[in-house]
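Coordinates in review
What follows is each chain in one-letter form.
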Amino acid sequence: MKITVVGGGPGGLYFAILTKKARPDWQIEVFEQNRADDTFGFGVVFSDDTLDEFLSRDPETYEKIRDHFAYWDDVAIHMKGEEIRCAGNGFCGTSRFTLLEILQERCAELEIPMTFSEQIDPATLDTRFADSDIILASDGINSQIREYYKDAFQPSVTVKSNRFCWMGSTRPMDEFNYFFRKTEHGIICAHTYQYQKDASTWVFEMDEDCWQGHGFEEFDEEGSRAILEEIYKEELQGHGLLLNRSNWRKFPRIFCENWYHKNIVILGDAKASAHFSIGSGTKLAMECGIALADAVLEHAEQSVEVAFKAYDEARRTPCQIIQHNADVSLAWFEHMNRSWDMDPLQFSMVVMCRAKSITYDNLILRDPGYVEQVDTAWYERYFRETGIDVRQSRPTPMFTPFKLREMVVPNRVVMSPMAQYSADENGNLTDWHMVHYSSHALGGMGMLYSEMTCPSPDARITLGCPGLWTDDHEAQWTRIVDFVHANSDAKICMQLGHSGRKGSTQLGWERMDHPIATEDKNWPLMSASPLPWFEGESQVPREMTRADMDRIRDEFVAATRRAARAGFDMLELHCAHGYLFASFLSPLTNKRTDDYGGSVENRLRFPLEVFRAMRAEWPQDRPMSVRISATDWKEGGLSEADLFAISEAFHDAGCDLIDVSAGQTVPDQEPVYGRMFQVQFAEAVRNVPKLATMAVGNITEAAQVNTILHTRRADLVALARPHLWDPYFTRRAAAFYGAQVGHWPPQYLSGRDQAYREQAKQRDNMLELQRKARPTRHEKPEERLAAE
């Protein structure tokens, strides 16, 4: 077996080391375009987990790396003259030059030939390395091999907006530091850490306006150093900045759909880049190098393609998770000015949790003293803003009340609207609805939503959708509302909506969004424009006329009166997910040329008309909300500017809460899924126009709820699927945190005390197991003794 490695970066070299160590009979060679002693940047970062992996794979390499690294446990956030520290993070830094030197020495020990200062022409790979069974392309972020074979690898490259440059300093430090500075032109962040004795990395990052305002030039290293040394004079503590090709760049976000082509496989930044703010580029490359070595050693003699497939299967998901976390972190730094009005403790919480992989509970494990600090600051701020004093009870943010007009929600957990498809064909509620809503109301949540309810028969999505257009409907909903109010302290919200072009379809567990199978049961559809949901299969809706708009408005007003009489605490207008009002708001589905199409102001015209008419009928002491899709997950759809304009327009019309969802506007959407994947949109509305928001979207844990609230991403947090399988999600969380809050029905009081005892045991056991599972610190014995 002969393997050629093109690119002598850490990932490629580590792959060569592991493979040659296991199979000394194989021929492995490395070609690198730079000189052996060339390196760009200063330090690299590894986590405790990665160090454990190095130790298990090649102790010789591990020991050499460990001899040269600087270890830190604390992250320090510096903002507005204050330093906030969070311990328990477990990272190390080492010199990139030293790392490459160690890997090169290890290659030499294993007799792996390395050729430097030789650039390989991708067009010659087939001929020059015709006898190679595998060619590994690890030629960096500007990979020529990736570009030459781009039709095969299918790379996507997105250049992000912030400017950054890498410098170094002789200033020592014992922690990872984020130095935030507000200047006359904007906010600058210096990401800094020590990577060897008397040497630290300084990565400066800022937005384009700030960069231009300070007069930086892309290739003027000396000029940039002078400006930054002046801005960061206090933080540098008399030390200067060091240069090493410290040009200004914008980060290229790279991901290849395919990781191999014939006998060529791709690795490292050539395959996928991860933003430096989570310290993952070299880590990602070396971990992928480990997986590729495993796959090649196990399968390559049988089939190179089988080996490459095994590599892909082993690493694609972990790689995407790391890259997604890095993308979320990167996006926060692009908008760090949105959090600048926070106090330093809350700001530090945002910095620690920006990538969403670290949550409130993770921080309790890492540094309970830090969490106590940020909790105290949160309770003090809450007292100043509301007059409600929870400083002694300390229930965690999720168990604090929230007020909208005269409605007080007892805690921040909300059961999201979820279609049950269980009404009869006339829109009447059934026993299912009574049991579903009443049982969930007993689960301790602050508020529960009805599923989307329709003001007329032709407004329904399916034949199983409930209605609110008859006296019987009103009486059925009144019975549920009365039960909720009599047996819990939860509030209940009615969501009214119209299906638009997504109506007359099958039940959710049948062929969702497809027309009803029994043809004579379908009904005519209408929408902003005559565009079917599925081209060639769905019914083409008619474009709404002014008369249609008048009828729809009046039906919603009538349903509003019924909801008020039924006793609902809040009313929501559904303007999301591609339904009727959403079809007006999105430029993808609104192609009108009259006063209701074109600009966002025109697209808002009819939804706002309906909302204002509803608000005029809804009691003034009760709040109203609007659910919107913040993005269509499709090019040409809603922009962030649209999101702000829509949110502010509804707020000006009397809306008290923006329920921020996303997508489902078109069937060929391209959403970016992940934990809490839609929370970023609620955060934007909460922090730019500064409106009250509710977050929703793959929120599954109480820890996530507390994180969202702590970091001002939303004011209420809605969970959907978790409530389907656990109606008592909120009670379980209250017991876990020891929050003695909320109403318990007298019939259940005997279970309450047991719940708190059992959850306290589970909490203590979980924290103890997590502490034991934490990676071992990798200091030398004398360093460990000093730390202890």
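Residues numbered from 1 in each chain as written. Predicted model: local features only at pLDDT ≥ 70, side-chain atom pairs only at ≥ 80, totals over all residues. Heavy atoms only, no water.

Right, let's talk about the overall build of the protein for a bit. Each helix and strand in the protein was counted, giving 27 helices and 29 strands. Its C-alpha radius of gyration of 29 Å places the protein within 12% of the 28 Å reference for a compact globule of 788 residues. Considered along the principal axes of its C-alpha atoms, the protein spans approximately 85 × 60 × 55 Å. Split into buried and exposed, the 788 residues of the protein put 59% on the buried side. Contacts spanning at least 24 positions in sequence make up 72% of the contacts within the protein whose residues lie at least 6 apart. Here the protein displays about 31200 Å² of accessible surface, and carbon together with sulfur accounts for 48% of that area. (Helix = DSSP H or I, 4+ residues; strand = E, 2+ residues; numbered from the N terminus. Rg over C-alpha atoms; globule rule 2.2 N^0.38 Å. Buried < 20%, exposed > 50% of the residue type's maximum accessible area, 1.4 Å probe, protein only. Contact = heavy atoms within 4.5 Å. Areas by Shrake-Rupley, 256 points an atom, 1.4 Å probe, with all protein chains shown as cover.)

Attention shifts here to the sheet that holds strand β2 (residues 27-31). Pairing in this open sheet of six strands is mixed, and the strands run β8-β2-β1-β9-β17-β16 from one edge to the other. Across the chains shown, the open sheet's two edge strands, defined by having one partner strand only, are β8 (114-115) and β16 (260-261). Inspection of the sheet shows strand β1 (residues 2-6) paired to β2 by five bridges, in the parallel sense. Considered in β2, the bridge of valine 5 is made with valine 30. (Pairing = 2+ DSSP bridges.)

Quick look at the sheet that holds strand β7 (residues 91-95) now. Note: strands within a sheet are paired through backbone hydrogen bonds, in either parallel or antiparallel orientation. With antiparallel pairing, the three strands of this open sheet are ordered in space as β3-β7-β4. Of all strands in the sheet, those bounded by a partner on one side alone are β3 (43-47) and β4 (70-72). Ignoring which end each strand starts from, the neighbouring axes of this sheet average 25 degrees apart. Relative to β7, β4 runs antiparallel, the two being bridged by three bridges. Residue tryptophan 72 lies in a different strand from β7, and its bridge partner there is phenylalanine 91. (Axes fitted to C-alpha atoms, helices over the stretch in contact; angles between N-to-C directions.)

As enumerated under the stated definition, the model contains 62 salt bridges in all. Its salt-bridge partner being glutamate 301, residue arginine 23 comes within 3.1 Å of it at the nearest N-O pair. Residue arginine 23 is found in the loop between α1 (10-22) and β2, and its partner glutamate 301 is found in the loop between α11 (281-299) and α12 (304-334); the two are separated by 278 residues along the sequence. Given the relative accessible area of 54%, glutamate 301 is considered exposed. (Salt bridge = Lys/Arg side-chain N within 4 Å of Asp/Glu carboxyl O.)

This part is about the confidence of the model for the protein. Chain-level pLDDT for the protein is 94 on average; 97% of the residues reach the 70-or-more range. Scored below 50 in pLDDT, residues 780-788 shows eight contacts in the model against residues more than four places distant or in partner chains. (pLDDT = per-residue confidence, 0-100.)

Let us now look at the side chain of threonine 98. One can find threonine 98 in helix α4 (residues 96-109). Judged by relative accessible area, threonine 98 falls into the buried class, the value being 9%. Among residues more than four places away in sequence, those in contact with threonine 98 are His68 and Gln196.

Note that aspartate 38 resides in the loop between β2 and β3. Owing to a relative accessible area of 16%, aspartate 38 belongs among the buried residues under this scheme. Taking C-alpha positions, aspartate 38 is 9.3 Å from leucine 100, a pair spaced 62 residues apart along the chain.

What follows is about the pairing of β1. Counting buried positions along β1 gives five out of five residues, so the element sits mostly inside the fold. Neither face of β1 is exposed, since Lys2, Thr4 and Val6 on one face and Ile3 and Val5 on the opposite face are all buried. Once you follow β1 into α1 and on to β2, the crossover reads as right-handed. Taken together, the four bridges between β1 and strand β9 (residues 134-137) define a ladder with parallel strand orientation. Paired with isoleucine 3 across the strands is isoleucine 134, a residue of β9. (Right-handed = clockwise from strand over helix to strand, strands pointing away.)

Across the nine residues of helix α23 (residues 702-710), nine count as buried, placing the element largely inside the fold. For α23, the complete set of buried residues consists of Ala702, Ala703, Gln704, Val705, Asn706, Thr707, Ile708, Leu709 and His710. Backbone geometry just downstream of α23 places arginine 712 in the positive-phi region, at approximately 60 degrees.

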